There are 2 protein chains.
Amino acid sequence: VTTDSTVERITSEDLEWLATGTAILGSGGGGSPRIGQLRLESLLEDPEAPDEVELIDPAALDPDATVTSVGQLGSPTIGSEKPPRGDEELRALRALEQRSDRTVDALVPGEIGGANSFAPLVVALQTGLPVVDADAMGRALPELQMDSFFIYGHPVNHAALTDEKGNTIVLSDIDSPERFESLARSTLVGLGGVAGYAYPLLEGSFVADYGVPNTLSLAREVGRRVHAAREGRADHDPVTAAVEATGGSRLFRGTVQSVERDHTDGFTTGEVRLEQASGTGECRVAFQNEYLLAERDGEIIATVPDIVSLLDSETGTPVLSDVVQFGQRVDVVGVPATDLFRTERALAVVGPQAFGYDCEYVGLDG
Amino acid sequence: VTTDSTVERITSEDLEWLATGTAILGSGGGGSPRIGQLRLESLLEDPEAPDEVELIDPAALDPDATVTSVGQLGSPTIGSEKPPRGDEELRALRALEQRSDRTVDALVPGEIGGANSFAPLVVALQTGLPVVDADAMGRALPELQMDSFFIYGHPVNHAALTDEKGNTIVLSDIDSPERFESLARSTLVGLGGVAGYAYPLLEGSFVADYGVPNTLSLAREVGRRVHAAREGRADHDPVTAAVEATGGSRLFRGTVQSVERDHTDGFTTGEVRLEQASGTGECRVAFQNEYLLAERDGEIIATVPDIVSLLDSETGTPVLSDVVQFGQRVDVVGVPATDLFRTERALAVVGPQAFGYDCEYVGLDG
């Protein structure tokens, strides 16, 4: 499914780097990479499975290839309490193919974030399919319409959801991405809060035009540099490594004073309040699965769709919204969103007002 | 799909009778037959469509035939406020066939009640398929697990739902009828409260064993006799005609004093209170889409799954739960449930306790 031979590969050595990098780019959400990483490790050790995943540059993708995203839908909190059977995404993929009477040629992550960046790699090893080095968000985001393919007009032609009991649901010809979000969300409740997914059926050319390019290899590189700094193999600290590798900036450093967290409608929403070591300033970071808005001393300093990540100040380890807790010392790091999300069309769907915040998008400098 | 030549036919002359008879057997629910009747009349006048529906006795059905139910799901109140496009059930049928890779040979009503007895007849004219003279309830009931096929162990192998905008959802390999009810109900909310359905894929032999036999022809006969009495072509009144034709009994005659009605979770629930003309007795009839329980002077005199219908005392016209109102003079008529619903196994699913009533099933005499 490639038009040339520029193919990267992901092997077992990359997994730690990928786990760290995707969680940093995941803006505090996207679920824990842990389960996906373990599944991937065990498949890479399986003599019957391939020993690497072929990664295709989106620019090199056959324009006529059929591509889909696979991953896990639902609150990351529920996801970690109710471990998957392991073939949910694979069965969703097969249901999608059967329902559409099409064969998928390549997978693409729906978002960059722990769980959903690993899921396509797992399914790639289960099927032998390659993975496109791109995604639909350049980060993680909590709702299904917040997807560059849908924002730029791709129809919700088919979408499959499966749970660990085998229940399988295929939605077809859905009249809007917002309807898809609403239907999938109410379906999830009936499935116990978490499901494997495969959607939509994309053309290679559309993925090349509207996918956020090279985000898997970026995540791996971010992780590689953070780990190098953590292990003393760099001349700066791990947080600085993350800032430099992502092209972002350090927004605040402080200690977590309080976390409000609420689980409703399949989302984990809340706010983290941080104080500077010196006690002279405070920072509030609001989240809905992902960190969405950072406010420093009452002034909004970063908003969705820009990435806001909390990193352990010493190790650079990303601190996700479902585990952040009192007393942690963290740096708040901001990373500018993909250009695909900085247009008026995209900001109507992924800007702060789409999440109910009464403020304009504050664009971080790249 | 028949093993012999005993085939009945439904033609335009039967429609008024069927509308009255299915509404009487529908126990006050099942939706208004009006829209289905109009769709059927217009198809019967269409020179391109067949001019009759072939009705197959379930005992004469090919044991290997593939049979499914088609109809409308959702609150009858919403259904009448949001008229269908007309091909919802047909598109659900086609989605079911595509997803299962099977071809349907015959249709069977899921319940006897205005809307859902007519829907298979409409789809029969749209497709040329025959209709089995049977159903899965012998009446109408509000929840999907309350179905003789599911009660007697048929799996929810595939089920398709479609709305008037073309949104199509296929549920497959659903692990229990209760899960199916819950998933379908939450999906309905995302579809605006009403949808066309096709489910499940049944074998002819299973329909012959666990379908409630000959309920369409019974409904037609009930309607024929009520209309004959109404038009003075019988030596008794229309309500007596209904009682005799159904094998039921007259439980109460009175005037509607009050109706409580509440629309929640896609159901219309409430209670009708009647007083005798003489003022010496009162009767309360509780409903959840269908009439479920009748109480006379504090004593429970009929319960689900037996049929409880309210008929206009003069004309015998069935008065459905979504339109019954203050001041109407009605007879409360009870009809014993099918034997398939009088077993312990069935009563656990369709008895009064399944609806939250703290009482045993009061079986009416046949």
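As the structure is a prediction and not an experimental result, all values here were calculated from the model. (Residues numbered from 1 in each chain as written. Chains lettered and ligands numbered in written order. Predicted model: local features only at pLDDT ≥ 70, side-chain atom pairs only at ≥ 80, totals over all residues. Heavy atoms only, no water.)

Enquirer: What is the right way to read the overall build of chain A from this model?
Expert: Helix and strand content of chain A: eleven helices and 17 strands. The globule rule puts the C-alpha radius of gyration for 366 residues at 21 Å, and the 19 Å found for chain A is close to it. Considered along the principal axes of its C-alpha atoms, chain A spans approximately 60 × 45 × 35 Å. Put simply, chain A has 366 residues, and 61% of those count as buried. Put simply, of all contacts in chain A between residues at least 6 apart along the chain, 73% involve residues at least 24 apart. Carbon and sulfur atoms make up 45% of the accessible area of chain A, which totals about 13200 Å². (Helix = DSSP H or I, 4+ residues; strand = E, 2+ residues; numbered from the N terminus. Rg over C-alpha atoms; globule rule 2.2 N^0.38 Å. Buried < 20%, exposed > 50% of the residue type's maximum accessible area, 1.4 Å probe, protein only. Contact = heavy atoms within 4.5 Å. Areas by Shrake-Rupley, 256 points an atom, 1.4 Å probe, with all protein chains shown as cover.)

Enquirer: I'm lost on helix α7 (residues 177-190) of chain B in this one. Help?
Expert: Helical geometry note: an α-helix holds 3.6 residues per turn, so side chains three or four residues apart project in the same direction. All names here are of chain B. Taking 1.5 Å of rise per residue, the 14 residues of α7 would be expected to cover 20 Å, and the 20 Å separating its terminal C-alpha atoms lies within 8% of that figure. Buried residues dominate α7, accounting for eleven of its 14 residues. For α7, the full list of buried residues reads Pro 177, Arg 179, Phe 180, Glu 181, Leu 183, Ala 184, Arg 185, Ser 186, Thr 187, Leu 188 and Gly 190. In the segment just after α7, Gly 192 is the residue with positive phi, at about 90°. (Expected span 1.5 Å × (residues − 1).)

Enquirer: Honestly, the relation of the copies chain A and chain B in this entry has me stumped. Any pointers?
Expert: Here the two chain copies are tied together by a rotation about an axis and a shift along that axis. Expressed as a screw operation, the relation of chain A to chain B combines 0.0 Å of axial shift with a rotation of 180°, fitting to an RMSD of 0.0 Å. As the rotation angle and translation indicate, the two copies are arranged about a two-fold axis. In this assembly, 96% of the residues forming the interface of chain A have copies in chain B that are likewise at the interface, indicating an isologous arrangement. (Least-squares fit on C-alpha atoms with pLDDT ≥ 70 in both.)

Enquirer: Which parts of the structure should I look at to understand the confidence of the model for chain A?
Expert: Interpretation of the predicted coordinates at a detailed level should be avoided for regions scoring low in pLDDT. On average, chain A scores 92 in pLDDT, and the residues at 70 or more come to 95%. As scored by the predictor, the complex reaches a pTM of 0.91 and an ipTM of 0.88. (pLDDT = per-residue confidence, 0-100.)

Enquirer: For this particular structure, what's the right way to read the sheet that holds strand β16 (residues 307-312) of chain A?
Expert: Strand pairing in a sheet relies on backbone hydrogen bonds, with the paired strands running either antiparallel or parallel. Residue and element names in this part refer to chain A. Taken together, the seven strands give an open sheet; going across it, the order is β15-β14-β13-β12-β11-β17-β16, and neighbouring strands pair in antiparallel fashion. Both outer strands of the open sheet, β15 (299-303) and β16, are each paired with one neighbouring strand and no more. Put simply, the sheet's adjacent strands are angled 35° from each other on average, direction ignored. Of the strand pairs in this sheet, strand β11 (residues 249-264) and strand β17 (residues 329-335) are connected by six bridges, and their pairing is antiparallel. The residue of β17 that forms the bridge with Arg 250 is Val 333. (Pairing = 2+ DSSP bridges. Axes fitted to C-alpha atoms, helices over the stretch in contact; angles between N-to-C directions.)

Enquirer: Sorry if this is basic, but what is going on with the pairing of β17 of chain A here?
Expert: The two faces of the sheet receive side chains in turn, since in a regular strand these alternate between them. Residue and element names in this part refer to chain A. Among the seven residues that make up β17, six are buried, leaving the element largely enclosed by the rest of the structure. Pairing between β16 and β17: six bridges, direction antiparallel. Note that in β17 the partner of Asp 312 across the bridge is Val 330.

Enquirer: How do you make sense of the interface of chain A and chain B when you look at a structure like this?
Expert: By a widespread convention, an interface's size corresponds to the accessible area lost as its parts come together. Facing 24 residues of chain A, the contacting portion of chain B comprises 24 residues. Buried area between chain A and chain B, both sides added, is near 1900 Å², and the carbon and sulfur share of it is 42%. Three residues, Gln 98, Arg 99 and Asn 167 of chain A, lead the burial of chain A against chain B; their summed loss comes to 27% of the area buried on that side. Across the chain A-chain B interface, the total number found is zero salt bridges. If you tally residues by element for the side of chain A that touches chain B, the top one is strand β8 (residues 168-174) of chain A, at seven residues. Taken together, the residues of the side of chain A that touches chain B break down into seven nonpolar, ten polar and seven charged. By the bridge criterion, five bridges tie β8 of chain A to strand β8 (residues 168-174) of chain B in an arrangement that is antiparallel. Residue pairing across strands places Leu 171 of chain A opposite Ile 169 of chain B, the latter belonging to β8 of chain B. (Buried area = accessible area lost by both parts, 1.4 Å probe. Salt bridge = Lys/Arg side-chain N within 4 Å of Asp/Glu carboxyl O. Nonpolar A, V, L, I, M, F, W, Y, C, P; charged D, E, K, R; others polar.)

Enquirer: I'm lost on the sheet that holds strand β14 (residues 290-296) of chain B in this one. Help?
Expert: Residues and elements named next belong to chain B. With antiparallel pairing, seven strands are arranged side by side in an open sheet as β15-β14-β13-β12-β11-β17-β16. The sheet is open, and its two edges are formed by β15 (299-303) and β16 (307-312), each paired on a single side. The mean inter-strand angle of the sheet, taken between neighbouring strand axes irrespective of direction, is 35°. Across seven bridges, strand β12 (residues 267-275) lies against strand β13 (residues 282-288) in antiparallel orientation.

Enquirer: How should I be thinking about the packing of helix α1 (residues 15-25) of chain A against helix α2 (residues 34-45) of chain A in this particular structure?
Expert: The description of two helices packed together rests on the angle between their axes and the distance between the axes. Residues and elements named next belong to chain A. The contact between α1 and α2 brings their axes to 11 Å, and the two run at 160°. The orientation of α1 with respect to α2, classified from their angle, is roughly antiparallel. As for the relative orientation of α1 and α2, their crossing is right-handed in sense. Residue-level contacts link Leu 15, Glu 16 and Ala 19 of α1 to Arg 34, Gln 37, Leu 40, Glu 41 and Leu 44 of α2. Per-class residue counts for the contact of α1 with α2 are four nonpolar, one polar and three charged. (Parallel < 35°, antiparallel > 145°, perpendicular 65-115°, else oblique. Left-handed = near helix turned anticlockwise from the far one by under 90°.)

Enquirer: Which parts of the structure should I look at to understand the pattern of salt bridges?
Expert: Oppositely charged side chains can pair when the atoms bearing their charge come close. Under the counting rule described, the total for this entry stands at 42 salt bridges over all chains. Two residues, Arg 250 of chain A and Asp 331 of chain A, come together in a salt bridge whose shortest N-O distance is 2.5 Å. With Arg 250 of chain A in strand β11 and Asp 331 of chain A in strand β17, this pair connects stretches of sequence that are 81 residues apart. For Arg 250 of chain A, a relative accessible area of 36% gives the class partly exposed. Residue classification places Asp 331 of chain A among the buried residues on the basis of a relative accessible area of 0%. Of the charged contacts, one joins Asp 175 of chain B and Arg 179 of chain B as a salt bridge, the two residues approaching to 2.9 Å between their closest N and O atoms. Here the salt bridges share partners, and the residues they tie into one network are Glu 271, Arg 273, Glu 275, Glu 282 and Arg 284 of chain A.

Enquirer: Quick question: what am I supposed to make of the pairing of strand β7 (residues 156-162) of chain B here?
Expert: Residues and elements named next belong to chain B. Burial within β7 is extensive, with seven of its seven residues counted as buried. Sheet topology places β7 next to β8; six bridges connect them, and they run antiparallel. The residue of β8 that forms the bridge with Val 156 is Ile 174. Linking β7 to β8, which pair antiparallel, is a turn of five residues; within it Gly 166 sits at a positive phi near 100°. Here β7 pairs with strand β9 (residues 194-203) via three bridges, running antiparallel. Bridge pairing links Ala 160 to Ala 198 in β9.

Enquirer: What is the right way to look at the packing of aromatic side chains in this model?
Expert: How two aromatic rings sit relative to each other is given by the distance of their centres and the angle of their planes. Evaluated as defined, the whole model comprises 16 aromatic pairs over all chains. Their ring planes at 90° and their centres at 6.0 Å tell us that Phe 287 of chain A and Tyr 291 of chain A sit as a pair that is edge-to-face. The two residues Phe 287 of chain A and Tyr 291 of chain A agree in class, both being buried. Taking the centre distance of 4.9 Å and the plane angle of 80° together, the rings of Phe 180 of chain B and Tyr 199 of chain B count as edge-to-face. Of this pair, Phe 180 of chain B sits in helix α7 while Tyr 199 of chain B sits in strand β9, placing them 19 residues apart in sequence. Overall, Phe 180 of chain B belongs to the buried group, its relative accessible area being 0%. The class for Tyr 199 of chain B is buried, based on a relative accessible area of 5%. An aromatic cluster of at least three residues, connected via ring pairs, comprises Phe 149, Tyr 152, Phe 206 and Tyr 210 of chain A. (Phe/Tyr/Trp six-rings, centres within 6.5 Å; stacked < 30°, edge-to-face > 60°.)

Enquirer: Quick question: what am I supposed to make of the packing of helix α9 (residues 215-230) of chain B against helix α10 (residues 238-246) of chain B here?
Expert: Residues and elements named next belong to chain B. Running from amino to carboxyl end, α9 crosses α10 at an angle of 155°, the nearest separation of the two axes being 8 Å. The pairing of α9 with α10 is recorded here as roughly antiparallel in orientation. Note on packing geometry: the crossing formed by α9 with α10 is right-handed. Across from Leu 218, Val 222, Arg 225, Val 226, Ala 229 and Arg 230 in α9, the residues of α10 making contact are Pro 238, Ala 241, Ala 242, Glu 244, Ala 245 and Thr 246. Among the residues forming the contact of α9 with α10, the class breakdown is eight nonpolar, one polar and three charged.

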